[in-house]
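Take a look at the letters that make up each chain.
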Amino acid sequence: MRHTVQVPMRWSDMDAYGHVNNVVFLQYFEMARVDLFFERASLEERTGLRRGTVVASHEIRYRLPVVYSARPLDVHIWVSGVRAAAFTCHYEVFDGPRLAVTGSTLLVPYDFDLGRPRRITPDEKEFLARWTDEPST
């Protein structure tokens, strides 16, 4: 299943060429992750992922330029590749009906008190399984 987050664009997101700057999409991805792993997990009283995850890598593909609009973008987020100590988030960013950007983030649960990666708990695996889907091509 995929989770959809409406992400507002800011006027300052545009670059000198008049479209949303490429690096801003990583912030949009982050906003979707926070909504799913903090807001949604808290509503369901599943707070393990709130303890911390770190980004191991990002991949991003720009399909169409996005120009500022008061209409928010729809960011679809879902999970795949859940392993013992890592999982991948995938994203599709829609500007109205148009698929503008796709990407993924490899995330690693992290114990900040110990300063090292940690294993995904059974409750976290159960939560992630609800948001698991296959990436689009």
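Fair warning: this is a prediction, and the values are worked out from it, not measured in the lab.

K.L.:
How should the overall build of the protein be read in this particular structure?
P.N.:
Along the protein, the regular secondary structure elements total two helices and six strands. The N-to-C order of helical and strand elements in the protein reads β-α-β-β-β-β-β-α. Radius of gyration (C-alpha) of the protein: 15 Å, near the 14 Å computed for a compact globule of 137 residues. Contacts spanning at least 24 positions in sequence make up 65% of the contacts within the protein whose residues lie at least 6 apart. Working note: accessible area of the protein is about 7600 Å², and carbon and sulfur atoms make up 53% of it.

K.L.:
Teacher, can you tell me more about the environment of valine 67 here?
P.N.:
Among the structural elements, valine 67 can be located in the loop between β2 (53–62) and β3 (73–80). For valine 67, a relative accessible area of 49% gives the class partly exposed. Distance in space between the C-alpha atoms of valine 67 and leucine 128 is 33 Å, their sequence separation being 61 residues.

K.L.:
Got a minute to help me understand the pairing of β3 in this structure?
P.N.:
For a regular strand, side-chain orientation follows a simple rule: the groups alternate between the two sheet faces. In terms of residue burial, β3 counts as a mostly covered element, since six of its eight residues are buried. Taken together, the five bridges between strand β1 (residues 3–7) and β3 define a ladder with antiparallel strand orientation. Paired with valine 7 across the two strands is leucine 73, which belongs to β3. Between β3 and strand β4 (residues 87–95), which pair antiparallel and follow one another directly, the connecting turn spans six residues, one of which, glycine 81, has a positive phi of 60 degrees.

K.L.:
How should the side chain of threonine 105 be read in this particular structure?
P.N.:
Mapping threonine 105 onto the fold places it in strand β5 (residues 98–111). Each residue touching threonine 105, except ones within four places of it in the same chain, is listed here: Arg33, Val55, Ser57, His58, Phe87, Thr88, Cys89 and Tyr91.

K.L.:
Honestly, the side chain of serine 69 in this entry has me stumped. Any pointers?
P.N.:
Within the fold, serine 69 resides in the loop between β2 and β3. Within polar-contact distance, the side chain of serine 69 engages the backbone nitrogen of arginine 71 at 3.0 Å.

Reading the values: the criteria
Residues numbered from 1 in each chain as written. Predicted model: local features only at pLDDT ≥ 70, side-chain atom pairs only at ≥ 80, totals over all residues. Heavy atoms only, no water. Helix = DSSP H or I, 4+ residues; strand = E, 2+ residues; numbered from the N terminus. Rg over C-alpha atoms; globule rule 2.2 N^0.38 Å. Contact = heavy atoms within 4.5 Å. Areas by Shrake-Rupley, 256 points an atom, 1.4 Å probe, with all protein chains shown as cover. Buried < 20%, exposed > 50% of the residue type's maximum accessible area, 1.4 Å probe, protein only. Pairing = 2+ DSSP bridges. Polar contact = N/O pair within 3.5 Å; in protein donor to acceptor, adjacent residues only side chain to side chain.

Shape descriptors only; they carry no functional weight alone.
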